[in-house]
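Per-entry structural report
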Amino acid sequence: PHLEGIWSWGSNMDQVILVIRNPRWAIPSYHSLLYEIHYAHDWETAYEYIDNTFQYRAPFDNWIKWRDYRFDEEIDLWMWHIDF
């Protein structure tokens, strides 16, 4: 599940194997993805930059600013995902 996504399986799936990455590596990777789609907040903007995905790494200064601003919320979302 993703907070910004949808569950499209309905009642057809009642079991899951959840494979997760260490947040130490996953959260910086997520930031790079956001950077590549210009921190889009809507589907249209994200789709406009889809060809940029997995092409670039965010500049270190951008990462530090984003990390310092979003760290607590990202950890809370990570925990929510695990608890789901």
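Residues numbered from 1 in each chain as written. Predicted model: local features only at pLDDT ≥ 70, side-chain atom pairs only at ≥ 80, totals over all residues. Heavy atoms only, no water.

Here we come to the side chain of Glu74. Counting through the fold element by element, Glu74 comes out in helix α3 (residues 60-83). Relative accessible area serves as the criterion here: at 8%, Glu74 is assigned to the buried category. (Helix = DSSP H or I, 4+ residues; strand = E, 2+ residues; numbered from the N terminus. Buried < 20%, exposed > 50% of the residue type's maximum accessible area, 1.4 Å probe, protein only.)

For the rest of this paragraph, the subject is the layout of surface pockets. Estimates place the volume of the second largest pocket at around 260 Å³. As for the second largest pocket, its lining consists of Trp25, Pro28, Ser29, His31, Ser32, Tyr56, Arg57, Ala58, Phe60 and Trp63. For the lining of the second largest pocket, the secondary structure elements donating two or more residues are α1 (23-36) and α3. Here the element with the most residues in the lining of the second largest pocket is α1; it accounts for 5 residues. (1 Å grid on protein atoms, 1.4 Å probe; cavity = no way out; pocket = protein on both sides within 12 Å on 5 of 7 lines; lining within 4 Å. Points joined across faces, edges and corners; volume = space filled by probe spheres on them.)

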